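Each chain is listed here by its residues.
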Amino acid sequence: MTAALRRMARDPELRPVWGACLTLSAAVGVFAVSFGVGAVSAGASVAQTCVMSLLVFTGASQFSAVSVIGAGGSAASAMGGAVLLAARNGVYGLAMSRRLPAGRLATRLLAAQWTIDETTAMSAAQPDARRSRAAFWITGASLYCCWNIGTLIGALAGQAIDPLAYGLDAAFPAGYVAMIWPLLAERRSAMAAGLGAVICLALIPFTPVGVPILCAALAVLIGVRR
Amino acid sequence: MTWGLVLGLAAFAYAFKVIGLVVVGDRRIPPALDRCLMLIPAALVAALVVKDTFSSGQSLVLDARAAGVAAAVVAAWRRAPLLVVIVLGAAVTAGVRRLG
């Protein structure tokens, strides 16, 4: 794995991917710090906070679980919302299974842990299969490091910078815009994107958090017709 | 916060990821289904963009993020590198937020 990453670091074709990954990871790292702070102040121990980032590794679910607990909710209600938010990673897994090669089982099990919003989007943004795979692994490795280091810092520090003051909450949608831009050149992808966005917007006020994104996946059904 | 919640959530989260990745795997699937799966990133990432831009919990809101993401759309359309798009989106949002 580290050897493969080192090879990717020397590949000039992948330089833009590295640059983009490191920017994204920096933003993710700041959010991880605020997650660490939030989790500890919601009553989690430092160990629980860090284990959550290491094992759960899907930011939206973690934030949701911590905020429910912090607001005095039960473990069951914290779990319900967080699981709904995590379900979309299953859909990303379906998409990534067509892009990642078969490989060894151990590789697949590691790839599974890193199958989240950012890695799927970065991978889909690449022009060919080779760069698509490389972008998945580079993004996965750098985000995993930044997310966990940031969580530890936040959990220990208890006090940190406010991500909102730097507009970092908009760094994610801005990045996603750039990532899907190349996909929109293809007519069917553009239609799926438009339909997915409309479904999501329409459902946000009426369904629990997490459901709109899941339902947006129905937009892919336009692929049924040739 | 209990260990049960931490580990239970970890198990659910990993189960979703693994099932997605392994259930289809490299199996031969009908071309129509393959076409649908290839559209997943476009549909879901577009949905993430509108959610992260226009929502706060279950309410739809229009705030500084919309300005930042609008700037990002222009930058992406002008073929700016991803790094520039991200920094610009965050900077414009922070600027508008400070003014507002």
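A quick note: this is a predicted structure, and the numbers were derived from the prediction, not measured. (Residues numbered from 1 in each chain as written. Chains lettered and ligands numbered in written order. Predicted model: local features only at pLDDT ≥ 70, side-chain atom pairs only at ≥ 80, totals over all residues. Heavy atoms only, no water.)

### Thoughts on the packing of helix H4 (residues 64–77) of chain B against helix H5 (residues 82–99) of chain B
Residues and elements named next belong to chain B. Condition: As a rule, the C-alpha atoms of each element are fitted with a line to give its axis, helices using only the stretch in contact, and angles between N-to-C directions run from 0 to 180 degrees. Put simply, DSSP marks the helices as runs of H or I at least four residues long and the strands as runs of E at least two long, and each gets a number from the N terminus on. Angle categories are assigned with fixed cut-offs, so that under 35 degrees is roughly parallel, over 145 is roughly antiparallel, 65 to 115 is roughly perpendicular, and the rest are oblique. Take the far helix as your reference; a near helix turned counterclockwise from it by less than a right angle gives a left-handed crossing, and one turned clockwise gives a right-handed crossing. Note on contacts: a residue pair is in contact if any heavy atoms of the two residues lie within 4.5 Å. Amino acid classes used here: Ala, Val, Leu, Ile, Met, Phe, Trp, Tyr, Cys and Pro are nonpolar; Asp, Glu, Lys and Arg are charged; the rest, including Gly, are polar.
Running from N to C, H4 and H5 cross one another at 150°; their axes reach a closest spacing of 7 Å. It follows that H4 is roughly antiparallel to H5 by the angle criterion. With respect to the hand of their crossing, H4 and H5 are arranged in right-handed fashion. Contacts between H4 and H5 involve Ala-64, Arg-65, Ala-67, Gly-68, Ala-71, Ala-72, Ala-75 and Ala-76 on the former and, on the latter, Val-85, Leu-88, Gly-89, Val-92, Thr-93, Val-96 and Arg-97. Split by residue class, the contact of H4 with H5 holds ten nonpolar, three polar and two charged.

### A look at the side chain of A:Ser132
Worth spelling out the cut-off: Whenever a nitrogen or oxygen atom comes within 3.5 Å of another N or O atom, the pair is scored as a polar contact, on the condition that within protein one atom can donate a hydrogen and the other can accept it, and that pairs from neighbouring residues in sequence are kept only if both atoms are in side chains.
Relative to the assigned elements, A:Ser132 resides in helix H9 (residues 129–157). A distance of 2.9 Å separates a polar atom in the side chain of A:Ser132 from a polar atom in the side chain of A:Ser123.

### A few points about the confidence of the model for chain B
Residue and element names in this part refer to chain B. Rule in force here: Scored between 0 and 100, pLDDT is the confidence that the predictor attaches to each residue.
Counting all residues, the mean pLDDT for chain B is 91, and 100% of those residues have values of 70 or more. Here helix H2 (residues 31–38) stands out as the element of chain B with the lowest mean pLDDT, 88, in contrast to H4, whose mean of 96 is the highest. The ipTM, which scores confidence in the relative placement of chains, is 0.90 for this predicted complex, and the corresponding pTM is 0.85.

### Observations concerning the packing of aromatic side chains
Residues and elements named next belong to chain A. Where we set the bar: By convention, a stacked pair of Phe, Tyr or Trp rings (six-membered ring in the case of Trp) has centres within 6.5 Å and planes under 30 degrees apart, an edge-to-face pair has planes over 60 apart, and any other such pair is tilted. Each residue is placed in one exposure class: buried if its accessible area under a 1.4 Å probe, protein chains only, is under 20% of its type's maximum, exposed if it is over 50%, and partly exposed if it falls in between.
All chains considered together, the criterion is met by nine aromatic pairs over all chains. On the numbers, 4.8 Å between centres and 75° between planes, the contact of Phe-57 with Tyr-144 is edge-to-face. Here the residue Phe-57 occupies a position in the loop between helix H3 (46–55) and helix H4 (59–70), and Tyr-144 occupies one in helix H9, the gap between them amounting to 87 residues. We note that Phe-57, like Tyr-144, is buried. Summarising the aromatic geometry, the rings of Trp-114 and Trp-137 are spaced 6.0 Å apart at their centres and angled 70° between planes, so their arrangement reads as edge-to-face. One end of the pair, Trp-114, is in the loop between helix H7 (105–113) and helix H8 (117–124); the other, Trp-137, is in helix H9, with 23 residues separating them in the sequence. Trp-137 gets classed as buried once you look at its relative accessible area, which sits at 10%. A network of ring pairs unites the aromatic residues Phe-31, Phe-35, Phe-63, Trp-147 and Phe-172 as a single cluster.

### Examining unusual backbone geometry
Positive phi, close to 40°, is recorded for A:Phe57, a residue that is not glycine. One non-glycine residue, B:Arg79, adopts positive backbone phi at about 60°. Tracing the backbone shows B:Arg79 in the loop between H4 and H5. Overall, the relative accessible area of 70% leaves B:Arg79 in the exposed class.

### So, the interface of chain A and chain B
When the parts of a complex come together, some accessible area is lost, and that lost area is often taken as the interface size. Which entries qualify depends on this criterion: Buried area, as used here, totals the accessible surface that two parts lose on assembly, with accessibility defined by a 1.4 Å probe and the loss added over both. Each salt bridge in this description consists of a side-chain nitrogen of Lys or Arg and a carboxyl oxygen of Asp or Glu lying within 4 Å of one another.
Listed by partner, the interface residues are 95 residues for chain A and 67 residues for chain B. Of all residues in chain A, the largest losses of buried area upon contact with chain B belong to A:Gln48, A:Arg98 and A:Trp181, amounting jointly to 10% of the total for that side. Where chain A meets chain B, there are two salt bridges. Residues A:Arg98 and B:Asp34 are paired through a salt bridge, measuring 3.1 Å at the closest nitrogen-oxygen approach. Ranked by the residues each element gives to the side of chain A that touches chain B, the list is headed by helix H10 (residues 168–180) of chain A, at 13 residues. Residues belonging to the side of chain A that touches chain B are distributed by class as follows: 67 nonpolar, 19 polar and nine charged.

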